[in-house]
Amino acid sequence: MAESMALTLRVDPPYLGESLSSFLGRAAQFYRTPYHALMGELLSGNKQFGKGMLDLDLNPSPALERKLTQTVPGWVSPLEGFKGFYGPVVMCRSRHAYCPRCFK
């Protein structure tokens, strides 16, 4: 029986101020794989990520955090040291982003 190889993401851990969703998007882009394919690989068979997950950046799945600790050399969670917001947070349902050069 062949021994399964451990997954290792050879990308920099989250940069200072980078969110978890931004890191995962950057990793998916680096490997030229769809975001959901990367998430499926990270959480293979774990149902904690499914449709019930509301906020990847402020309430990540413990299973996802464990897997990232195992797969990303030098992993430091973007939430480490996070003390919360000073006031209530209203979550946006969508976001529009524009390239600064295109916007001009």
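To be clear, the structure that these remarks concern was listed above.
Bear in mind that the values here come from a model prediction, so they are computed numbers and not experimental data.

Calculation notes
Residues numbered from 1 in each chain as written. Predicted model: local features only at pLDDT ≥ 70, side-chain atom pairs only at ≥ 80, totals over all residues. Heavy atoms only, no water. Phe/Tyr/Trp six-rings, centres within 6.5 Å; stacked < 30°, edge-to-face > 60°. Salt bridge = Lys/Arg side-chain N within 4 Å of Asp/Glu carboxyl O. Core = buried A, V, L, I, M, F, W, Y, C linked by side-chain atoms within 4.5 Å. Buried < 20%, exposed > 50% of the residue type's maximum accessible area, 1.4 Å probe, protein only. Helix = DSSP H or I, 4+ residues; strand = E, 2+ residues; numbered from the N terminus. Contact = heavy atoms within 4.5 Å. Arc of directions from axis to C-beta. Polar contact = N/O pair within 3.5 Å; in protein donor to acceptor, adjacent residues only side chain to side chain. Axes fitted to C-alpha atoms, helices over the stretch in contact; angles between N-to-C directions. Parallel < 35°, antiparallel > 145°, perpendicular 65-115°, else oblique. Nonpolar A, V, L, I, M, F, W, Y, C, P; charged D, E, K, R; others polar.

All right, on to the packing of aromatic side chains then. Tallied over the full model, the rule gives two aromatic pairs. Consider the rings of Phe 30 and Tyr 31, whose centres lie 5.0 Å apart with planes at 90 degrees: the pair is edge-to-face.

With the rule as written, the count across this model stands at one salt bridge. One salt bridge connects Arg 26 with Glu 18, and the closest N-O pair in it is separated by 2.9 Å.

Counting residues in each nonpolar core, the largest one holds 17 residues, and the members touching the most others are Leu 9, Leu 20, Phe 23, Leu 24, Leu 42, Leu 64 and Leu 68. For this core, the secondary structure elements donating two or more residues are α1 (20–30), α2 (35–42) and α3 (62–71). No other element matches α1, which puts five residues into this core. Filtering out sequence-adjacent residues up to four positions away, Leu 68 remains in contact with Leu 9, Leu 20, Phe 23, Leu 24, Leu 42 and Trp 75.

Among the residues making up α3, those that are buried are Ala 63, Leu 64, Leu 68 and Thr 71. When α3 is viewed along its axis, its buried side chains cluster within an angular range of 130 degrees and face the same direction. Facing away from the buried surface of α3 by more than 90 degrees, the exposed residues are Thr 69 and Gln 70. Of the surrounding elements, those touching the buried residues of α3 are α1 and α2. Where α3 begins, the capping side chain belongs to Ser 61, and its oxygen is found 3.1 Å from the backbone nitrogen of Ala 63.

Next up on the list: the packing of α1 against α2. Viewed as axis vectors pointing N to C, α1 and α2 meet at an angle of 100 degrees, and their least axial separation amounts to 9 Å. By the angle between their directions, the pair α1 and α2 is classed as roughly perpendicular. Listed contacts from α2 to Ser 21, Leu 24, Gly 25, Ala 27 and Ala 28 of α1 are Tyr 35, Leu 38, Met 39 and Leu 42. For the contact of α1 with α2, a count of residues per class yields seven nonpolar, two polar and no charged.

Two numbers describe how α2 lies on α3: the axes approach to 10 Å, and their chain directions differ by 90 degrees. Judged by the angle between their axes, α2 and α3 are roughly perpendicular. Residues Met 39, Glu 41 and Leu 42 of α2 form the contact with α3, whose participating residues are Leu 64, Lys 67, Leu 68 and Thr 71. Broken down by class, the residue content of the contact of α2 with α3 amounts to four nonpolar, one polar and two charged.

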